[in-house]
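# Coordinate inspection notes
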Amino acid sequence: MRKSLTVKLCLLLAIVALANVGAVAGPKLEQIFFSFDSSNGLADNSAQTITCTRTGRMVITTIGHVNFYDGDSFTHIDPEPENDFPLPKYNGHYHLYFDRFHHLWLKDKRTVTCVDLMTERFVVNVDSVMKSMGVNRPVDDMFGDINSHLWMLSGSELYGVNAKKTLPVRLKEELQDVAVYNHKLLLQFFANSVVSVYDLETGRHQYDCTSLEPAEAARYKSSSVIYPDSNLYYQIRNGDKEAVLLRFDIEKRQWEKLLETPYHLNNMVRNRHKLYIATEYGYWTYNIKTGETEHIEELHLSRGRTLTTDINTISFDRQGGMWLGTEKRGVLYSRPFKIPFVCYTWDQPEAHEYSSMLDRVQSSEPLPRHINCKYQDSRGWTWTGTYTGLQLKKPGSSKERLFAREDGLLNEMVSCVIEDDNNDIWIATSFGISHLYIRGDSVHHIETYTNRDNVPNESFVKGRAMKLEDGTIVMQSLDHMVVFHPSNFYEKELSRMSLYPKLIRLMVNGYFVGAGVKVEGREILDRAITRVGEFAVNYNQNTLTLTFSGLNYMRPIQTYYRVRVKGVYDDWKVLSYAKSDGWVDNRGLLHLPLTALPPGNYQIEVQASMSPDSWPEEPFVWTVRVEEPWWRTTGIYILLVSVIAILLIVNFIYSLRNARLRFMRNTEEDDLMKRILNFAERCSSMSGEVLTPFAASVDDSGEVQETLDDDFVKAMLRIVPFVNGGLRGSRVTMRQLSYMTGVDLARLYEVMSYNLYKSPRQLALKLRLQDARDLLKQKELSIEDIADKCGFVSPNYFIASFYHQYRQTPEAYRNSNAR
């Protein structure tokens, strides 16, 4: 009787506890920023201006450099002193303009530099560019308007490069900015707070309008920034220390003061219904509809960190992501939607509260050693988390379906499983949280979220997951409690979001090609690769790899591509990181291989999206032309020869054809051999690096590196010693390598093609373990000495790596192989 009462009391307490689960306040989502600095390839940590181009690339100016970001890496160009063009009357700091002639202009302290965007290089002779635009007079200052039209100040005249008109500058004050309204009126903003308005057609002065009283104007005359917005013109005016934000309504001819601060305001941009103002202390927002202002001084970073910093500039990309340029901390990026994952550490009370809830619902049923968790969803499907992936078994079926890396999981150690209110499945692994989209009676696709999504980069606790009454999901990792709601992932918005794929790299016969670079005597590109829509190669330069970026700054790993190459395959291929045979990497880049292309024209059509079922934009098209060899035209002349020589001509043509086929085969093989030797040398060059668990699991960009195939590793373990022994100087064929490595020739071609672009760190680890195994056969060196000699960061990491490879500890191996 007492036992029965105890059971009922426990059940009642459990019901009360679960009822209180819904009363727990849901996690508050913060706007989280991720940083990019010199360690990521940015030329300098002082970001002065940030601009998103029409094609979606980010242009970031730092002290003395112009940086381009394509979603994968930064490239930068550096000016020389001869690139400077004097602007005697410009006393301000960095100011950037684009013109209609494919130029970027960067003003700074009495000088301006010009970048040719077609080649992405600084113009050496800026004066020649000025003259080509019709500017044949001294230039004291220059301005750009909202239409990318340039205006040159020369003495008391303002010359419009595009309008081909000269207007007077009546006032003797410093001219700080120029703007154009509706292609009809020209506005001149002066240091004394006066705006002069001119008729563009006639050049006549219309009126002047003053924004501040003389005393105030004198306080705020150091610098000016203008932001045009339809009939409104927002102006920042800075003094020695303080600043003011003003608004001019050109139709009403009225000025309005919006904000005053005791510190400088640096720049501004509009996004939707808000104006964002960069300042010395964070940034301000001004709601254009309501007039409300908000000061955001403390920024939230990933993993719960915060930052207070000065901000030079603010920009938004085509996805709606926010970019902040700071004075000393590089660039900060925030996604267009708040990150749905909230992490609580154990020093926060929320973590203990959620942990108590998990204690109440966690099953105490013992599981076999190889099983981490077991879960049955509302359909009666049984999901089993194992060390090798996620198993699914449906009622009435004896078959089990295993989901692993090739299906989209970044890690196969599945710790817990839970179902959401949409009947989709969420799992936690040792590297991220994965969402399995269920459509009908099958898994449609998988999305994985990692530390770039504010998911802790650590293992999750077995079976510690639950769903609250409001649909919120809670999962426990080693040092955090991760809380999220599936409705906060903006899936419909992401499926409609447009991506604009960009060709960012080209490899020809194993060589990276840039503007002006010659390959085998031929210049393939006459402009920057990002500006190329068509290019031609010789018939023997027909092994290509084209790398595309979806410019998906929000979640690169969630980039889907739709590709077809007319002339090679006319059916569309849908590719992603999970399903592309290595064509799409974990940074969202598409590496499109085209091997042994016959002469002809090929159209490459590419679309990019954040959903495998939605393609909002039309395909982007690139054309590749493989030219005919010169000797193919000799047949025209041979036909003119006497009928007596017909048999000889036929024999000659067949000989040339066979020679061509052999040449194409040898060219392809030589290219692959070069890449194999280069990979082996890269692996050998890592001998000086100290191996750490982190370095062995990530590549140079900090992302998790892709796993090398076992057959590839086995082959390279035999090839690398031969390379170190001087193999490069001799002629070796793929058939010889196949015999040397014991790998079938066709399989050797396959594994080499799919693995040579990956990181060699895993192979370097195995080579070092081989060296360690040989040293262990000698008793002169201790385990610690061998670990140090072979480049491991610690004896423990050496022992763990050795055991993982040979299933024996170093000591046990030494004892079993003692000489």
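The notes below deal with the structure included here. (Residues numbered from 1 in each chain as written. Predicted model: local features only at pLDDT ≥ 70, side-chain atom pairs only at ≥ 80, totals over all residues. Heavy atoms only, no water.)

## Some details on empty space enclosed by the protein
Rolled over the atoms, a probe with the dimensions of a water molecule shows which regions are left empty. Across all of its chains, the model carries two cavities of 30 Å³ or more by this definition. Approximately 50 Å³ is the volume attributed to the largest cavity. Along the walls of the largest cavity sit Gly-56, Asp-317, Arg-318, Gln-319, Ser-498, Leu-499, Tyr-500, Gly-550, Leu-551 and Tyr-553, which together make up its complete lining. By residue class, the composition of the lining of the largest cavity is four nonpolar, four polar and two charged. By volume, the second largest cavity amounts to about 40 Å³. The residue makeup of the lining of the second largest cavity, split by class, is four nonpolar, six polar and two charged. (1 Å grid on protein atoms, 1.4 Å probe; cavity = no way out; pocket = protein on both sides within 12 Å on 5 of 7 lines; lining within 4 Å. Points joined across faces, edges and corners; volume = space filled by probe spheres on them. Nonpolar A, V, L, I, M, F, W, Y, C, P; charged D, E, K, R; others polar.)

## Quick look at the nonpolar core
Core analysis: the largest hydrophobic core is formed by 55 residues, its most contacted members being Phe-535 and Ile-604. At four residues, strand β53 (residues 600-609) tops the list of elements feeding residues into this core. The residues touching Phe-535, leaving out its near neighbours within four places in the chain, are Leu-506, Ile-524, Leu-525, Leu-544, Leu-546, Thr-623, Val-624 and Arg-625. Of all hydrophobic cores here, the second largest spans 32 residues; its members include Tyr-97, Cys-114, Val-129 and Val-180. (Core = buried A, V, L, I, M, F, W, Y, C linked by side-chain atoms within 4.5 Å. Buried < 20%, exposed > 50% of the residue type's maximum accessible area, 1.4 Å probe, protein only. Helix = DSSP H or I, 4+ residues; strand = E, 2+ residues; numbered from the N terminus. Contact = heavy atoms within 4.5 Å.)

## Let's talk about unusual backbone geometry
Look at Arg-110: it is not a glycine, yet its phi comes out positive at around 70°. Relative to the elements of secondary structure, Arg-110 occurs in the loop between β8 (103-108) and β9 (111-116). Positive phi values are uncommon outside glycine, yet Tyr-490 reaches one of about 50°. Topologically, Tyr-490 is positioned in the loop between β43 (480-484) and α5 (491-496). Using a relative accessible area of 28% as the deciding quantity, one classes Tyr-490 as partly exposed.

## A word on the packing of aromatic side chains
The full count for this structure, using the stated rule, is 35 aromatic pairs. The interplanar angle of 55° and the centroid separation of 5.5 Å between the aromatic rings of Phe-36 and Tyr-69 together place this pair among those described as tilted. Of this pair, Phe-36 sits in strand β1 (residues 32-36) while Tyr-69 sits in strand β4 (residues 65-69), placing them 33 residues apart in sequence. Accessibility classification places Phe-36 together with Tyr-69 in one group, the buried group. Among the aromatic residues, those joined into a ring-pair cluster are Phe-36, Tyr-69, Phe-74, Trp-323, Tyr-333 and Tyr-553. The side chain of Arg-379 reaches across the aromatic face of Trp-381, ending 4.4 Å from its centre. A cation over a ring is seen here: Lys-573 above Tyr-569, with NZ or CZ 4.2 Å from the ring centre. (Phe/Tyr/Trp six-rings, centres within 6.5 Å; stacked < 30°, edge-to-face > 60°. Lys NZ or Arg CZ within 6 Å of the ring centre and 35° of its normal.)

## Remarks on helix α4 (residues 349-361)
Along an α-helix, a turn takes 3.6 residues, which lines up residues three or four apart on a common side. Spanning 13 residues, α4 covers 19 Å between terminal C-alpha atoms, matching the ideal 18 Å at 1.5 Å per step. Within α4, the full set of buried residues consists of Ala-351, Tyr-354, Ser-355, Met-357 and Leu-358. On an axial view of α4, the arc spanned by its buried residues comes to 160°, and they lie on one face. (Expected span 1.5 Å × (residues − 1). Arc of directions from axis to C-beta.)

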